[in-house]
Amino acid sequence: MLLVSDSPLELCALDAEHVAAVLEDCVDQLAVLGSIITVPESSVASGSLSEIAKLLNNQRQLEGRYEELISTDRPGNELASVKQNMKSSAQALVRNVKLNPLATENLIKLQQDREYLQLLVSECLEEVSQEGSFEGLIRATVEEREKKHKLQETILREEDARKNVRTLQRQLLELKRSKEVELQSRNEMVAHLKDQLQETRAKTTMERKYIEKECQVQKVMQNKKCAMTETELQAELENLQLQIEEETKVNKETELWVKKHHDQLQEKVEYWMDKYEKEVDQKSEELSTLKATKANILLKLQELTLKYQEYDEVVAEDRAQKERAQKAAEKAQLEIKSATKLQAWWKGV
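This structure is a prediction, so every number in the text was calculated from the model and none was measured.

About the cut-offs
Residues numbered from 1 in each chain as written. Predicted model: local features only at pLDDT ≥ 70, side-chain atom pairs only at ≥ 80, totals over all residues. Heavy atoms only, no water. Helix = DSSP H or I, 4+ residues; strand = E, 2+ residues; numbered from the N terminus. Buried < 20%, exposed > 50% of the residue type's maximum accessible area, 1.4 Å probe, protein only. Contact = heavy atoms within 4.5 Å. Areas by Shrake-Rupley, 256 points an atom, 1.4 Å probe, with all protein chains shown as cover. Phe/Tyr/Trp six-rings, centres within 6.5 Å; stacked < 30°, edge-to-face > 60°. Core = buried A, V, L, I, M, F, W, Y, C linked by side-chain atoms within 4.5 Å. Salt bridge = Lys/Arg side-chain N within 4 Å of Asp/Glu carboxyl O. pLDDT = per-residue confidence, 0-100. Patch = residues over 30% accessible without salt bridge, like charges linked within 9 Å, V, L, I, M, F, W, Y side chains within 5 Å. Lys, Arg positive; Asp, Glu negative; His and termini not counted. Charge placed at Lys NZ, Arg CZ, Asp CG, Glu CD.

**Observations regarding the overall build of the protein**
Okay, step 1: Scanning the protein from terminus to terminus reveals five helices and zero strands.
Okay, step 2: Secondary structure of the protein in N-to-C order comes out as α-α-α-α-α.
Okay, step 3: By residue count, 14% of the 349 residues in the protein fall in the buried class.
Okay, step 4: Taking as baseline every contact in the protein between residues at least 6 positions apart, the subset at least 24 positions apart corresponds to 74%.
Okay, step 5: Surface exposure of the protein reaches about 29300 Å², of which carbon and sulfur atoms provide 57%.

**Focus: the packing of aromatic side chains**
Okay, step 1: Taken as a whole and judged by the stated rule, the model has one aromatic pair.
Okay, step 2: Ring centres of Tyr271 and Trp272 lie 5.5 Å apart, and the angle between their planes is 70 degrees; this geometry places the pair in the edge-to-face category.

**Considering the nonpolar core**
The tendency in soluble globular proteins is for nonpolar side chains to be buried side by side.
Okay, step 1: Val19, Ala20, Leu23, Val27, Leu30, Leu120, Val121, Cys124, Leu125, Val128, Leu137 and Ala140 form the largest nonpolar core, which has 12 residues in total.
Okay, step 2: Where this core is concerned, the elements lending two or more residues are helix 1 (13-36), helix 4 (104-131) and helix 5 (135-348).

**A word on the pattern of salt bridges**
Okay, step 1: Throughout the structure, instances matching the rule amount to seven salt bridges.
Okay, step 2: One salt bridge in this structure joins Lys322 and Asp318, with 3.5 Å as the shortest N-O distance. With Lys322 and Asp318 both in helix 5, this residue pair falls four residues apart, about one helical turn.
Okay, step 3: What makes Lys322 exposed here is its relative accessible area of 55%.
Okay, step 4: By relative accessible area, Asp318 is classed as partly exposed at 35%.
Okay, step 5: Here the residues in one salt-bridge network are Lys179, Glu182 and Arg186, joined through shared partners.

**Concerning the confidence of the model for the protein**
Okay, step 1: Looking at the protein, pLDDT values average 78 and 78% of them are 70 or higher.
Okay, step 2: This stretch, residues 1-8, has a pLDDT under 50; its non-local contacts, to residues over four places away or in other chains, come to seven contacts.
Okay, step 3: Confidence over residues 41-46 falls short of pLDDT 50; this stretch has six contacts with residues more than four positions distant or in other chains.

**Notes on a nonpolar patch on the surface**
Okay, step 1: Together, Val269, Met273, Tyr276 and Val280 make up a nonpolar patch on the protein surface, roughly 360 Å² of accessible area in all.
Okay, step 2: Checked against the element boundaries, Val280 lands in helix 5.
Okay, step 3: Judged by relative accessible area, which is 32%, Val280 ranks as partly exposed.

**Looking at a negative patch on the surface**
Okay, step 1: Residues Asp263, Glu267, Glu270, Asp274, Glu277, Asp281 and Glu285 make up a contiguous surface patch of negative charge.
Okay, step 2: Under the relative-accessibility criterion, Asp274 is labelled partly exposed at 44%.

Next comes the structure, spelled out in structure tokens:
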């Protein structure tokens, strides 16, 4: 009876023997392939290289399919078919290598890959024979895929960098052309501005001469105008002096009148101040009397408030007593009525 492990990476004894036989055969074929491959002196055409690359790619796909069948425990017929296809692909690769020897660099790379694959299959064969598992093969496959992925990422980054360099070169060329066009435009602008400067200088010279003459004419006219204005201002000054003298006379008369009325107002102020003080004293006495009256009234109000509270308490107590007496009377009447009903019921019984 065969025992099957719970782990998906472990094989039963019979499957382990089958896999070990296949791996041993693969190691032998790789060893034979290593003795067949030799480094030639010349390279092949691009068509032969493409055909060999296709064979290698097909071989890798078959190996991946074989690993998938082993890990998923598929039927033996499909496994045998994949094994036969792997043998046919290896034989086709060997024939192609014999007919079309590769370039030295490619053969060295192929020999290194073969040695690595032979070592990996040998270790997997030993692990399957001893432990019935192929975890090492899966780990190595995962590591190789990660290396390949990193290499592809590096190649993609390099391609992006090359694209960026080409883009920057194009941008630099376009910038250089635009700067040349801009420089030529600026040179033309400088020449145009020089011409405008010459025209402006000539125009400025003519305008300066015209302005000088106009200023001289305006100066003569302004002098005449100033002389006329000075005469008018002199007449106005004399008129103002007469007005000042008149205002001074009126001011003195007004000052005498104000002084006279000031004395009269001073006497009235003293009279009203005395009257104010007397009325303030009188009102202060009235205010003191009113405050005393207010205090007496407040005292009486407090006394009345206390009496009201006492009366209110007496009234409330009396009302409470009446309510209690009424409730007691009602309770006694209810008890009498209940007793009467009870006696009537008893007599009826």
